[in-house]
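Descriptive structure summary
Now for the letters of each chain:
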Amino acid sequence: MSIMPQGFLDNESHQSRKFESQPLRSAAWASDSLVVVREGGESARLEPCTGQELGTWNRPDGVKFTDVVCGENAVLALTDTGDVTMLGDVKSINHPPIPVHLGEKAKAVCCGKEHFLVLTASGRVFSWGH
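Residues numbered from 1 in each chain as written. Predicted model: local features only at pLDDT ≥ 70, side-chain atom pairs only at ≥ 80, totals over all residues. Heavy atoms only, no water.

**Comments concerning the overall build of the protein**
- Scanning the protein from N- to C-terminus turns up 0 helices and 13 strands.
- Counting from the amino terminus, the protein carries its helices and strands in the arrangement β-β-β-β-β-β-β-β-β-β-β-β-β.
- With 130 residues in all, the protein has 40% of them scored as buried.
- If you take every contact in the protein between residues at least 6 apart in sequence, the share linking residues at least 24 apart comes to 29%.
- Accessible surface for the protein amounts to roughly 7,400 Å². Of this, 51% is attributable to carbon and sulfur atoms. (Helix = DSSP H or I, 4+ residues; strand = E, 2+ residues; numbered from the N terminus. Buried < 20%, exposed > 50% of the residue type's maximum accessible area, 1.4 Å probe, protein only. Contact = heavy atoms within 4.5 Å. Areas by Shrake-Rupley, 256 points an atom, 1.4 Å probe, with all protein chains shown as cover.)

Rendered as structure tokens:
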């Protein structure tokens, strides 16, 4: 399923303005930005009021991100191969992605302010954080 973003409500003119023309697979609010996964599997950080791309995260060759969640300080992504990757700090895209080794494939990710949860294909749940 794709999400077609319509845009945002401009604070000054109070008019909706479109900022992302590509279909999205996932979107999550970070502390000061919007983190999206585009239909092609690329994850990007956007400035929420203008839609300006602040950068993209690198991904392993041939792998596509399918979902992304943001805690208060970190971004976690799920790939189309069932792997989980910690993309790093929500304010920086300069860190290399860190694979999360679960020993099995994941099918869903979610988070709270300071913790992450991963549901695996076998039905197990992994959690970490506070």
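**Considering the sheet that holds strand β5 (residues 43-46)**
- Taking strand neighbours across the sheet as the criterion, the 4 strands line up as β3-β4-β5-β6 in an open arrangement whose pairing is antiparallel. Whereas interior strands pair on both sides, the edge strands pair on one side only; in this sheet they are β3 (24-29) and β6 (53-56). Strand-to-strand twist in this sheet, taken as the mean axis angle between neighbours without regard to direction, amounts to 25°.
- Pairing analysis gives 5 bridges linking β3 to strand β4 (residues 34-38), with the strands arranged antiparallel. Directly across from L24, in β4, lies its bridge partner R38. (Pairing = 2+ DSSP bridges. Axes fitted to C-alpha atoms, helices over the stretch in contact; angles between N-to-C directions.)

**Quick word on the environment of V63**
- Among the secondary structure elements, V63 is positioned in the loop between β6 and β7 (65-70).
- Taking relative accessible area as the criterion, V63 reaches 14% and is therefore assigned buried.
- Taking the C-alpha atoms as reference, V63 lies 9.2 Å from E42; in sequence the two are 21 residues apart.
- Aside from chain neighbours lying at most four places away, what touches V63 is T79, D80 and T81.

**Points about the pairing of strand β12 (residues 115-120)**
- Only one face of β12 is covered, namely the face carrying F116, V118 and T120; the face carrying H115, L117 and L119 is uncovered.
- In this structure, strand β11 (residues 106-111) lies alongside β12, joined through 5 bridges in antiparallel fashion. Looking across to β12, one finds that A108 is bridged to L119.
- Sheet topology note: the β12/strand β13 (residues 125-129) ladder contains 5 bridges and is antiparallel. Within β13, the position partnered with F116 by the bridge is W128.
- The turn linking β12 back onto β13 is made up of 4 residues, and G123 within it adopts a positive phi angle of 95°.

**Here we look at the confidence of the model for the protein**
- In the predicted model, the protein carries a mean pLDDT of 81, and the fraction of residues at 70 or more is 80%.
- Mean pLDDT across the elements of the protein ranges from a minimum in strand β1 (residues 8-9), with 48, to a maximum in β11, with 95.
- When the criterion is pLDDT under 50, residues 1-6 qualifies, and its contacts beyond four places in sequence or with other chains add up to 20 contacts. (pLDDT = per-residue confidence, 0-100.)

**A closer look at the pairing of β7**
- Burial analysis of β7 places 5 of its 6 residues in the buried class, which makes it a mostly covered element.
- With 5 bridges connecting them, β7 and strand β8 (residues 74-79) associate as antiparallel partners. Bridging across to β8, V69 finds its partner in L76.
- Between the end of β7 and the start of β8, which pair antiparallel, lie 3 residues.

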